[in-house]
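Chain by chain, the residues:
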Amino acid sequence: MTAYVHEEPSERAELGRLLTAGGILSSDWKPAFSAVPRSAFLPDLMWSFDMATGRSVAVSKADDPTAWHRRADADIPIVTQWDDGKHSGTEPGEVSTSSASMPSVVFSMLRDLDVQPGNRVLEIGTGTGWNAALLAHRLGADNVVTVEVDESVTTTARAALERFGTPVRVVHGDGFKGYPEAAPYDRIIATCGLRSIPFAWVEQCRPGGIIVTPWGTHYSNGDAVARLVVADDSKSASGAFTGPVEFMKLRAQRLSPVAHSEYVMGSVANGDESSTTIEEAQFVRERFSARVFALGMRVPDCVNVVADKHDGARPVWFYGLTDRSWACVQFRDGATARVWQSGPRRLWDEAEAAYRWWNEQGRPGFDRFGLTVNSDGERVWLDSPDNPVPVQSA
């Protein structure tokens, strides 16, 4: 089969310079960046994310090849599938279910993975196949196995990899189980967000091996990249988070949207009313702040929804996932915030206590938190595995 032939356009060369200047594209990954263009793995119809408007915009290679190539070589995420493949047409679907990640995210995670010559790598979440092709360029196709849960995505990625001349093993299956048939691996990387990391990955990784995966809680859609090192006895893996990201969630752990009407019957006035001295500017910040991440760890089985602000008022909602407990704090300009809560859990009380704890710890960033995974489950910690993050009683 003839290998894919390409030229490096000015847009991709500029992207490479920007990623290098930002310390994201390391010298050992530069050859793969140059040799393996993302455009070789993208469909003719794709949806690029417009950073200015926050919307996904359809781009057709047939209709506007210049725009298509410009978006392919930009540091933006690109949706390649909507609604688990049930979507058709050019308008965005309801839920994005497969994508090509931002190059800056791809190479920062590959940097964390720290592959060495001869390493065998398992990738969870094939997507377009670009990430697997980058790994294969470094390690050889025989040393890369990638698992994809969606059959049509698997078929498309396998074809793209073969067309490019990089026939890595593409497995259609549940990545949560890993792929024991080709274990052990020196490295495991996931390109989907996890809410629970399976111990099977630890078991399939060699002692001293590295697992790089986005992890988070149902509190928000945000994740952070966990870089875990497998212990010498292979009974656990532990490590710190390296920074915030947002990934499509592993399908088995994807949460359905919360139905507000199933929680709040009628008016919030039916809940128990109180107030809080916490101000909106303190509590409501950017989507992927370390504060949001910390609250998600401290307040389990809870979804947080920050509503838009209207007429100086902004409601912030909390919904319990194990029962129908709910809470609402209403921030209003120039006034003390009012709180309503209902159900067995006092969700605002939990969130407020978690917020105050985060402040007392010196407002730690992502890199002060870490994660340990063993056969009993996982434990988040602050600064050291010996200092677990206290969880509010549910």
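Conventions we followed
Counting starts from 1 at the beginning of each chain's written sequence and moves along it residue by residue. For a predicted model such as this one, the threshold for reporting local features is a pLDDT of at least 70, and the threshold for listing and counting side-chain atom pairs is 80 or more; totals across whole chains, interfaces and linings nevertheless cover every residue. The side-chain quantities take in all heavy atoms of the structure and omit both hydrogens and water. Starting at the N terminus, helices and strands are each numbered in turn, a helix being any DSSP run of H or I of at least four residues and a strand any DSSP run of E of at least two. Atoms considered for the radius of gyration are the C-alpha atoms alone. The globule rule reads 2.2 Å times the number of residues to the power 0.38. Buried, partly exposed and exposed residues are distinguished by accessible area as a fraction of the type maximum, computed with a 1.4 Å probe on protein chains only: under 20%, between the cut-offs, and over 50%, respectively. Accessible surface is estimated by sampling points in the Shrake-Rupley manner with a 1.4 Å probe; for residues, cover comes only from the protein chains shown. Charged-residue counts in this description rest on Lys and Arg as positive and Asp and Glu as negative, His and the chain ends being excluded. To locate a charge, the coordinates of NZ of Lys, CZ of Arg, CG of Asp or CD of Glu are taken. Strands qualify as paired when DSSP identifies two bridges or more between them. In this description, a line fitted to the C-alpha atoms serves as the axis of each element, helices being fitted only across the stretch in contact, and the angle between N-to-C directions of two axes falls anywhere from 0 to 180 degrees. Two residues form a contact once any of their heavy atoms are found within 4.5 Å.

1. A word on the overall build of the protein
Per the secondary structure count, the protein includes 10 helices and 18 strands. Computed over the C-alpha atoms, the radius of gyration of the protein is 22 Å, within 12% of the 21 Å expected from 2.2 N^0.38 for a compact globule of 394 residues. Its C-alpha atoms give the protein principal-axis dimensions of about 70 × 55 × 40 Å. Counting across all 394 residues of the protein, residues that qualify as buried make up 49%. For the protein, the exposed area adds up to about 17,600 Å²; of that, 49% sits on carbon and sulfur atoms. Here the protein holds 39 positive side-chain charges and 51 negative ones, and the gap between their average locations is 1 Å.

2. Some words on the sheet that holds strand 16 (residues 335-342)
One open sheet accounts for five strands, arranged 12-16-15-14-13; its pairing is antiparallel. Looking at strand neighbours, the two that pair on one side only are strand 12 (272-276) and strand 13 (302-306), the edges of this open sheet. The sheet shows a mean angle of 20° between the axes of neighbouring strands, direction not considered. Where strand 13 and strand 14 (residues 313-320) come together, five bridges link them in antiparallel fashion. Opposite V303, over in strand 14, you have Y319 as the bridge partner. Strands strand 12, strand 13, strand 14, strand 15 (326-332) and strand 16 of the sheet are contacted by helix 10 (residues 347-360), whose axis makes an angle of about 105° with strand 14.

3. Examining unusual backbone geometry
Backbone torsion omega between A183 and P184 reads 5°, so that peptide bond is classified as cis. Tracing the backbone through its elements, the reader meets P184 in the loop between strand 7 (169-172) and strand 8 (185-190). A positive phi is found at D114, a non-glycine position, where the angle reads about 55°. Within the fold, D114 resides in the loop between helix 4 (103-113) and strand 5 (121-124). Backbone geometry places D383, a non-glycine residue, at a positive phi of 75°. With respect to the element layout, D383 can be found in the segment after strand 18 (377-382).

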